[in-house]
Amino acid sequence: VQLQASGGGLVQAGGSLRLSCVASGRTFSTYHMGWFRQAPGKEREFVASISWRGGSTYYADSVKGRFTISRDNAKNTVYLQMNSLKFEDTAVYYCAADPLRRSSGTRYSYASLYDYWGQGTEVTVSS
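A. A look at the overall build of the protein. Along the protein, the regular secondary structure elements total zero helices and eleven strands. Going residue by residue from the N terminus, the α and β elements of the protein occur as β-β-β-β-β-β-β-β-β-β-β. Taken over the C-alpha trace, the protein has a radius of gyration of 13 Å; the compact-globule value for 127 residues is 14 Å, and the two agree within 12%. With the C-alpha coordinates aligned to their principal axes, the bounding extent of the protein is approximately 40 × 25 × 25 Å. When burial is assessed residue by residue, the protein has 43% of its 127 residues classed as buried. Put simply, of all contacts in the protein between residues at least 6 apart along the chain, 57% involve residues at least 24 apart. Taking the average location of the 14 positive side-chain charges in the protein and that of its 9 negative ones, the two points are 8 Å from each other.

Given below as structure tokens:
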């Protein structure tokens with residue numbers, strides 16, 4: 001599985017960006033998918049995840065109400081719509097795939113349960 005993330009860039013505080021992550025392979029529709037981020041000098045942290053059918057979504061408290069994760073299985077793509085961006089959202093954003101669906105239930109934020117990772121796309125929010 002190869003993941004290609006895109007959509008990052010420089011945006012002013014209060015602005016919006018939409019990240020996309022395209023996956024290779026024919027079984028994308030069976031994967032749980034997640035977005036994580038890593039700010040300079042900090043550890044990687046969970047941002048959002050979506051179940052394989054799209055029926056369940058989960059968010060970090062810091063982005064709840066501002067970010068929306070979605071997926072289009074026909075396009076092998078998962079999205080992260082980011083609104084009301086804050087300076088502290090500045091980070092490299094990574095999409096991740098969990099083909100075995102081990103991140104179900106309460107384990108959606110466990111990075112170790114995602115087997116495949118994209119290269120990251122950088123988001124910079126200016127204050």
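Let's pick the thread back up.
B. Summary view of the pairing of strand β3 (residues 17-23). Within β3, five of the seven residues are buried, leaving the element largely enclosed by the surrounding structure. Summarising the sheet, β3 and strand β8 (residues 77-82) pair through six bridges and their orientation is antiparallel. Among the inter-strand pairings, S20 is bridged to a residue of β8, identified as Y79.

C. A look at the environment of A96. As for its position among the elements, A96 is in strand β9 (residues 91-98). A residue is classified by how much of its surface remains accessible, and A96, at 0% relative accessible area, is buried. Residues A96 and R53 lie 43 residues apart in sequence; the distance between their C-alpha atoms is 16 Å. If we skip the residues at most four places from it in the chain, A96 touches L3, H32, M33, G34, F36, Y114, Y116 and W117.

D. Quick look at the state of the cysteines. For the structure shown, the criterion picks out one disulfide. The partner cysteine of C21 in its disulfide is C95, sulfur to sulfur 2.0 Å. Between C21 and C95, the S-S dihedral sits near 60 degrees, and the bridge is therefore right-handed. Taken together, the positions of C21 in strand β3 and C95 in strand β9 put the pair 74 residues apart, joining distant regions of the chain. Note on C21: relative accessible area 1%, which makes it buried. What makes C95 buried here is its relative accessible area of 0%.

E. Geometry of the nonpolar core. With 34 residues, the main nonpolar core has M33, W35, L80, M82 and Y93 as its most contacted residues. It is β9 that provides the largest number of residues to this core, a total of five residues.

Rules and cut-offs
Residues numbered from 1 in each chain as written. Predicted model: local features only at pLDDT ≥ 70, side-chain atom pairs only at ≥ 80, totals over all residues. Heavy atoms only, no water. Helix = DSSP H or I, 4+ residues; strand = E, 2+ residues; numbered from the N terminus. Rg over C-alpha atoms; globule rule 2.2 N^0.38 Å. Buried < 20%, exposed > 50% of the residue type's maximum accessible area, 1.4 Å probe, protein only. Contact = heavy atoms within 4.5 Å. Lys, Arg positive; Asp, Glu negative; His and termini not counted. Charge placed at Lys NZ, Arg CZ, Asp CG, Glu CD. Pairing = 2+ DSSP bridges. Disulfide = S-S within 2.5 Å. Core = buried A, V, L, I, M, F, W, Y, C linked by side-chain atoms within 4.5 Å.

That's the geometry; what it means functionally is another story.
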